[in-house]
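Survey of secondary and tertiary structure
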Amino acid sequence: MTVCVLHAAAEMFPLLKTGGLADVVGALPPAQSQLGTNARVVLPGFPAVLAGLDDLQPVADLGGAFGAGNIRLERGVLQPHGVVVYVVRSDQFYDRPGNPYLDAGHRPYADNDRRFALLGWAAARIATGADPAWKPHIVHAHDWHAGLAPAYLRAFERGGAARVASVMTVHNLAYQGTFPASEFGALQLPGDFYAVEGVEFYGHVSFLKAGLYYADRITTVSPTYAREIQTQAQGAGLHGLLQTRTHDITGILNGVDYSIWSPSVDESIATKYTQAKISGKSKCKTALQERMGLARDDDALLFGVVSRLTEQKGLDLLLSAVPDIVQRGGQLVVLGTGDPALETGMKNAAAAHPGAVAVELGFDETLSHSIIAGSDVVMVPSRFEPCGLTQLYALAYGALPLVHRVGGLADTVVDSSLENLADELATGFVFDTFDRAGIVGAIRRAFALKARRSEWKAVVKRAMGQSFGWEDAARRYAEVYQGLLGA
Ligand code: ADP
Ligand code: GLC
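The structure contained in this document is the topic of the report that follows. Once a new chain begins, its residue numbering starts again from 1 and follows that chain's sequence as written. Chains carry letters from A onward and ligands carry numbers from 1 onward, assigned in written order. Given that this is a predicted model, residues contribute local features only at a pLDDT of at least 70 and side-chain atom pairs are listed and counted only at 80 or more, while totals for whole chains, interfaces and linings are drawn from all residues. Neither water nor hydrogens contribute to the side-chain values; these are computed over all heavy atoms in the structure.

**Structural notes on the pattern of salt bridges**
By definition here, a salt bridge exists when the distance from a side-chain nitrogen of Lys or Arg to a carboxyl oxygen of Asp or Glu is within 4 Å. Inspection of the entire model under this criterion finds 31 salt bridges. A salt bridge links Arg75 to Asp131; its shortest N-O distance comes to 2.9 Å. Residue Arg75 is found in strand β4 (residues 68–78), and its partner Asp131 is found in the loop between α4 (112–127) and β6 (138–142); the two are separated by 56 residues along the sequence. For Asp131, a relative accessible area of 3% gives the class buried. Between Glu455 and Arg452 there is a salt bridge whose closest N-O contact spans 3.2 Å. Here's how the labels work: a residue is buried when its accessible area is under 20% of the maximum for its type, exposed when over 50%, partly exposed in between, all with a 1.4 Å probe on protein chains only. With a relative accessible area of 29%, Glu455 lands in the partly exposed category. By sharing partners, the salt bridges in this structure join Arg72, Glu74, Arg89 and Asp91 into a single network. Comment: elements are numbered from the N terminus, with helices defined as DSSP H or I runs of at least four residues and strands as E runs of at least two.

Next comes the structure, spelled out in structure tokens:
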């Protein structure tokens, strides 16, 4: 039997992206199709989504819901892989400029509960026959935005619809989609769903908790994060529920789409290069130094950052270590956007160290590739990191990742300690304690390794030889689906 799965998510690369979620939703379905799973996606009808799809066709009129009238379901195709994408059309909810979650003042839209309830509800409608031509066996919900999908499936089942299985993937437990209890009435769920055994979370409605409670299986994006979220320290209040579901939880590492993130095919970098012929990398470094206004110096160890500027990413710790980088003759380039305080901190660091620190505030896909290609070291000093894709891209480009030993970072980077160098395992720099001494120690290891030319080169080659393709992940998800449908 061909398993049919409907992914429900808020973002999908290249249509719309604010973070790694989009990369995953863009890459996993085509990888699944390669393995014989029939994977489709449902997205909110944001303007960028509508603009990027081919062959948009009406599928069904979904009527009114959540205070929005005239909701329509359409279906289009995303090339080059031909992934079928459903879009939920509600111009009232989704036809807004800019960020999908935040208004012009960077505040969450006041009606986000209803905007994303509609996504979960539409997924459940598709699963129960809204498209006469296709029906999934499994709804696979991603993050809180789609967290109500498993709840609506249960509600529809209670109303007589056939049972459809569901999987909830946690990309980030820190974003939970919690709303005032007074909003529950607007969500069109049965009254008894507002309960501890349901969508209630400390007197609020939680979309993520709903998904974790009602989904048949839970996955998250690395094995270490799967363990971390079941602890009180890192469970963000949900560890109790997660512990009760421990046998339903699987950690599946994200992959890399090497057709997009590989220095041998990347059209957006200054010069292509390969593991065997790496000379192009230093041209990428020079181009990056020029572009960012840094001193043109091939010997300066260049540290790069491409990141959302949020508390999670630990960049306040990096800021405290900037003098250590600069005093050793290193350089730092940062691309990011987010918290105003971090944006200001970055700008101040650049102003304090002209020619050595350069910062670009904003979201720039092309520049992100140039930074990964041109840097010697890519820093991901996150407080917590469910998986992290940046360090995987860095490995592929021979930019050694410097990371905090948490979540997916711990699962994918091996520190250049003496013993790991001797055992030919090292691929980057890993620090254990989240403090200045920790990150500075890793920075010093990077400088020390750079001074040993041949060893540095060997680690770069090993990093580039790592393989985190999506095929492995797709196979693991197929096992989760099989377990579910066989049960
Ligand atoms: P997260 O999803 O928590 O942001 P990931 O490492 O999983 O972290 O994914 C981040 C993705 O977003 C990567 O593809 C990264 O290159 C991209 N990204 C983050 N910030 C920016 C930015 N300012 N400009 C361009 N791409 C960015
Ligand atoms: C989240 C996490 C990140 C992960 C990404 C994709 O945004 O913060 O660690 O790589 O989702 O799963």
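Additional details are given in the paragraphs that follow.
**Overview of the nonpolar core**
The tendency in soluble globular proteins is for nonpolar side chains to be buried side by side. Among buried residues, those of type Ala, Val, Leu, Ile, Met, Phe, Trp, Tyr and Cys that are joined through side-chain atoms within 4.5 Å constitute a nonpolar core. Formed by 89 residues in total, the largest nonpolar core has its most connected members in Phe303, Met379, Leu402 and Ile439. Taken together, domain 1 (4–255 + 470–486) and domain 2 (280–464) each give at least three residues to this core, which thus spans both. Aside from chain neighbours lying at most four places away, what touches Met379 is Phe303, Gly304, Val305, Leu318, Ile325, Leu332, Leu402, Ile439 and Ile443. Listed in part, the 82 residues of the second largest apolar core include Val41, Ile71, Leu73 and Ile249. Domain boundaries shown here were taken from an automatic or database domain assignment. Residue contacts are counted whenever heavy atoms from the two residues lie within 4.5 Å of one another.

**Description of unusual backbone geometry**
Each neighbour pair has its own omega, and for Phe13 with Pro14 the value is 0°, a cis peptide bond. Tracing the chain through its elements places Pro14 in the loop between β1 (4–8) and α1 (20–34). The residue after Gln79, namely Pro80, is reached through a cis peptide bond having omega 10°. For Pro80, the location among the structural elements is in the loop between β4 and β5 (83–89). Positive phi, normally seen in glycine, also occurs at Phe66, with a value near 55°. Relative to the helices and strands, Phe66 resides in the loop between β3 (54–65) and β4. A positive phi angle is found at Tyr202, which is not glycine, with a value near 50°. Position of Tyr202 relative to the elements: it lies in the loop between β9 (200–201) and β10 (204–206). Taking relative accessible area as the criterion, Tyr202 reaches 66% and is therefore assigned exposed.

**Concerning the sheet that holds β10**
Two strands are said to pair when DSSP picks up at least two bridges between them. Ordered in space as β8-β10-β9, the three strands form an open sheet in which the pairing is antiparallel. Because the sheet does not close on itself, it has two edges, and the strands there are β8 (178–180) and β9. The sheet contacts of helix α6 (residues 207–214) involve β8, β9 and β10, and relative to β10 the element is tilted by about 60°. A fitted line through C-alpha atoms represents every axis, and for helices the fit uses only the stretch in contact; the resulting angles, taken between N-to-C directions, go from 0 to 180 degrees.

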